[in-house]
Amino acid sequence: MIEFKYRPDVDGLRAVAVVLVLLFHAGLGFKGGFIGVDVFFVISGFLITGLILKEQNNGDFSLGRFWVRRIRRILPAATAMVVLVLIAGFFVMVPLDYTDLGKSTIAQQLMLSNVFFWRNTGYFDGPSDLKPLLHTWSLAVEEQFYLGYPLLLIWLARFKRQVSVAVLSTLFLGSLVLSEYGVHKFPSGAFFLLPTRAWEMLAGALICFLPKPNRVPDIAVSAVSGAALSMIVLTGWHYDATTPFPGLSAMLPCLCTAALIYINSAKLSRPAKLLATKPVVFVGLISYSLYLWHWPILAFVRYTNNETLTPTMGIVAIVASFSAGYLSWRYIETPFRKKQLLVRLPRLFAATAISVSVCLLAGGTIYLSQGFPQLRYGDQYTQLIKSMDEKAFRHHLSVDDIEQQRLPKFGDQSVAPSVLVWGDSHAMAVMPAIDQVCNELGLCGVQSTTGGTLPLVEFDGSNSSPQFADFAERTIEYCKDSEIEVAILAGYWIRDASHPKFESSLRETIDELRDLGIHVILLRDVPDQLCNPRQAINVALKEDDGIEKLGVLLQDHRVYQQKADHVLQRMAADEVTVLDPAPHLVDDSDRCRIVFGDKCMYWDNDHLTVSGALRLTGMFRHAFEDTDDKI
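Given the structure is predicted, the values throughout are model-derived calculations rather than measurements.

Colleague: How would you sum up the pattern of salt bridges? Please name residues and give values.
Modeller: Counted by the stated rule, this structure contains 24 salt bridges. As a salt-bridge pair, Lys599 and Glu390 come within 3.6 Å of each other at their nearest N and O atoms. Placement of Lys599 in strand S10 (residues 599-600) and of Glu390 in the loop between helix H18 (379-388) and helix H19 (399-403) is noted, with a sequence separation of 209 residues between them. With a relative accessible area of 29%, Glu390 lands in the partly exposed category. Of the charged contacts, one joins Asp580 and Arg558 as a salt bridge, the two residues approaching to 2.8 Å between their closest N and O atoms. Here Asp580 is found in the loop between strand S7 (577-579) and strand S8 (591-593), whereas its partner Arg558 is found in helix H25 (residues 554-570), with 22 residues between them in sequence. With a relative accessible area of 27%, Arg558 lands in the partly exposed category. Among the charged side chains, a network of salt bridges with common partners joins Arg524, Arg558, Asp565 and Asp580.

Colleague: I'd love a proper account of the pairing of strand S4 (residues 486-490), names of residues and values included.
Modeller: Counting buried positions over the five residues of S4 gives five, a clear majority of the element. The alternating pattern of S4 places Val486, Ile488 and Ala490 and Ala487 and Leu489 on opposite faces, both of which are buried. Inspection of the sheet shows strand S2 (residues 417-423) paired to S4 by five bridges, in the parallel sense. Considered in S4, the bridge of Val421 is made with Ile488.

Colleague: Tell me about a nonpolar patch on the surface, and please be specific about residues and values.
Modeller: On the surface, a nonpolar cluster with roughly 400 Å² of combined accessible area is contributed by Val83, Leu84, Ile87 and Phe91. Judged by its relative accessible area of 44%, Ile87 falls in the partly exposed class.

Colleague: So, helix H23 (residues 502-515): which residues are in play, and what are the values?
Modeller: With 14 residues, H23 ought to run about 20 Å at 1.5 Å a step, and its terminal C-alpha atoms sit 20 Å apart, in line with that. Looking at H23, one finds that the buried residues are Phe502, Ser505, Leu506, Thr509, Ile510 and Leu513. The arc enclosing the buried residues of H23, seen along the axis, measures out at 135°, which places them on a common side. Looking one or two residues past H23, Gly517 carries a phi angle of roughly 80°, positive in sign.

Colleague: Tell me about the environment of Asp218, residues and numbers included.
Modeller: Mapped onto the fold, Asp218 is located in helix H10 (residues 218-238). Each C-alpha atom of the pair Asp218 and Leu178 lies 37 Å from the other, and the pair is 40 residues apart in sequence.

Colleague: Please give an account of the side chain of Thr79 that cites residues and values.
Modeller: With respect to the helices and strands, the residue Thr79 is situated in helix H3 (residues 63-92). A distance of 3.1 Å separates polar atoms of two side chains, one belonging to Thr79 and the other to Ser355. Excluding residues that lie within four positions of it along the chain, Thr79 makes contacts with Ser355 and Cys359.

Colleague: Please give an account of the packing of aromatic side chains that cites residues and values.
Modeller: Under the definition given, this model contains 25 aromatic pairs. Seen from their ring centres, Phe66 and Tyr146 are 6.4 Å apart, and the 85° between their planes marks the pair as edge-to-face. Taken together, the residues span a long stretch of sequence, with Phe66 in helix H3 and Tyr146 in helix H6 (residues 136-156) at a distance of 80 residues. By the burial criterion, Phe66 is buried, and Tyr146 matches it. For the ring pair Phe459 and Phe502, a centre distance of 6.5 Å and an interplane angle of 70° mean the geometry is edge-to-face. Linking Phe459 in the loop between strand S3 (444-449) and helix H22 (466-480) with Phe502 in helix H23, this pair joins segments that are 43 residues apart in sequence. Of the two residues, Phe459 and Phe502, both sit in the buried class. In this structure an aromatic cluster arises from ring pairing among Phe24, Phe34, Tyr239 and Phe245. When the ring centre of Phe596 is taken as reference, the NZ or CZ atom of Arg593 above it lies at 4.7 Å. Lying across the ring of Phe596, Arg615 places its NZ or CZ 3.9 Å from the centre.

Colleague: Quick rundown of the packing of helix H7 (residues 161-185) against helix H9 (residues 198-207)? Include the residues and the values.
Modeller: Closest axis-to-axis distance for the H7/H9 pair is 8 Å, and the angle between their directions is 150°. By the angle between their directions, the pair H7 and H9 is classed as roughly antiparallel. Our pair here, H7 against H9, has a crossing hand that is left-handed. Taken together, the residues of H9 that come into contact with H7 (itself represented by Val165, Leu168, Ser169, Leu171, Phe172, Ser175, Leu176 and Ser179) are Ala198, Trp199, Leu202, Ala203 and Leu206.

Colleague: So what's going on with the nonpolar core? Residues and values would help.
Modeller: Ranked by size, the top nonpolar core spans 115 residues in total, and within it Leu13, Ile35, Tyr149, Leu168, Ile232, Leu292 and Ile537 carry the most contacts. What Leu168 contacts, discounting residues up to four positions off in sequence, is Tyr149, Leu152, Leu153, Leu156, Leu202, Leu206 and Phe209. Among the nonpolar cores identified, the runner-up in size contains 36 residues, and Val446, Leu456, Leu506 and Val576 belong to it.

Colleague: So, the pairing of strand S5 (residues 519-523): which residues are in play, and what are the values?
Modeller: When you tally the buried positions in S5, you get five out of five residues, the bulk of the element. Burial of the side chains of S5 extends over both faces: His519, Ile521 and Leu523 are buried on one face and Val520 and Leu522 on the other. Alignment of S4 against S5, held across five bridges, turns out to be parallel. When the bridges of S5 are listed, Ile488 appears paired with Ile521. Handedness of the β-α-β unit built from S4, H23 and S5 comes out right-handed. Bridge count between S5 and S7: three bridges; the pairing is parallel. What sits directly across from Leu522, in S7, is Val578.

Conventions adopted
Residues numbered from 1 in each chain as written. Predicted model: local features only at pLDDT ≥ 70, side-chain atom pairs only at ≥ 80, totals over all residues. Heavy atoms only, no water. Salt bridge = Lys/Arg side-chain N within 4 Å of Asp/Glu carboxyl O. Helix = DSSP H or I, 4+ residues; strand = E, 2+ residues; numbered from the N terminus. Buried < 20%, exposed > 50% of the residue type's maximum accessible area, 1.4 Å probe, protein only. Pairing = 2+ DSSP bridges. Patch = residues over 30% accessible without salt bridge, like charges linked within 9 Å, V, L, I, M, F, W, Y side chains within 5 Å. Areas by Shrake-Rupley, 256 points an atom, 1.4 Å probe, with all protein chains shown as cover. Expected span 1.5 Å × (residues − 1). Arc of directions from axis to C-beta. Polar contact = N/O pair within 3.5 Å; in protein donor to acceptor, adjacent residues only side chain to side chain. Contact = heavy atoms within 4.5 Å. Phe/Tyr/Trp six-rings, centres within 6.5 Å; stacked < 30°, edge-to-face > 60°. Lys NZ or Arg CZ within 6 Å of the ring centre and 35° of its normal. Axes fitted to C-alpha atoms, helices over the stretch in contact; angles between N-to-C directions. Parallel < 35°, antiparallel > 145°, perpendicular 65-115°, else oblique. Left-handed = near helix turned anticlockwise from the far one by under 90°. Core = buried A, V, L, I, M, F, W, Y, C linked by side-chain atoms within 4.5 Å. Right-handed = clockwise from strand over helix to strand, strands pointing away.

Written out as structure tokens, the structure reads:
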């Protein structure tokens, strides 16, 4: 087995990992910088296993002492960050977002952040950029691993080393297989949850059981080290949001991290010595606090700047993150790790209980009060923001849902479904109007919707993956086995309108539906607002600037959407009905208003609320009446 000791090159590797994450989150290149988290996982598995095995060999391992070290390492800095985020959120965030922050605080304190964000958001979704505690999902994965893994090593200590290796290898392979399967079947869960991430920490753990690489020539050590470090950086540069992840795609950075740690365990190569230089090691030493602070800073910068982050803002945010990270490391993290501070177990657990209780109480109070709307805002704002939470028909289906014909119904459910609504979250947003019209006309329909997935066959656009291709294929198969007569296709078309296959894929989709005798209705997209509605309403009311002036002009919408609209309009020549919602959402001055009366039309910059969707009822009613002979 390799010798477990302090490794400055491992701290240097931490620095590489955190810098990749920072650059990715700040939008400064390295679109695959999220792999830095995977590098952290491998390092964590190596360090935890090495420490436990060393103490077991010395006969002085204590489970209580292990958890004490983890608590003193993780809790103080994290608690300080959460408290300051809650204070900042009170002054910056609107009630609904502040309420969500309260809920995420509860999840973070219970070590369930990964489960919370799995259930409530997607890592690469735009709105997730505004969630100050989103980054704590990875901490929760590690914390959950720390709870059970030491118990496993205690049990394995009864057996020979070969048994430990066999058990850990089996768990490694099982988790990896589940991860690869999950990437295609439940990608969000695969990204956030421990069972599909455990193999990464186990990859680091297995290093500790390998023999020392004493006989490896220096030139080979340097070559492997240089190649491994280069591949970590290259994957950080070339991977992006469309890379199926984690699964097998995560194997390359994880195995390179493991190889770099192992091959330099006997002596440091030149690349490892570079990692072990003082400036790089310093960044590694503060990497935990730096990671804690960078994301809330970036989230609040975006939040206060209309969800935008320019390169200049990103650089400033990174500088601020280093400053906050250093202060946190110097004055919170380091003192609490000193032996003389909270060394006794009862005192430490008491302090932990108090800390967690205070944060839970704060998060719960924020959640139950719905973000203190009356305390911070007037009645008009509170009423408007309340209408933003009116969302319906938010059905994110999986491929299995379609295969098992578990498509949710709407309209008059006493008759067989004859209407299909197919698309992404933009299709979900207009569902209240379609549902109302179907009820009026005695029609039943079904939804085939999932987030970020345009209703296109044979398409490899921005969110392409085997899952999305299967989703489209299964939807067509469902139509073949059903009595669907009208299909409404809706989506955020502009996202992929410039893709070379966009028009041909749309035409192929329409042709397949028409071959089945289905009339196709294409819905052009609703106008994109140029601001965050919640923040814009808040500013307008505070400055008495005229809430009726909030909203994008119709002419600006036409310019922004023209590439997608032109493609959709060309489909009308093939007896396809093309609907334009924009005229139904504007006022007399051709402004697509965010607010009409005491209701908000949008719940973010491009999704309609129920009130907004219901303004399209007449448009859909007219469309159904025009195609009555086809229904």
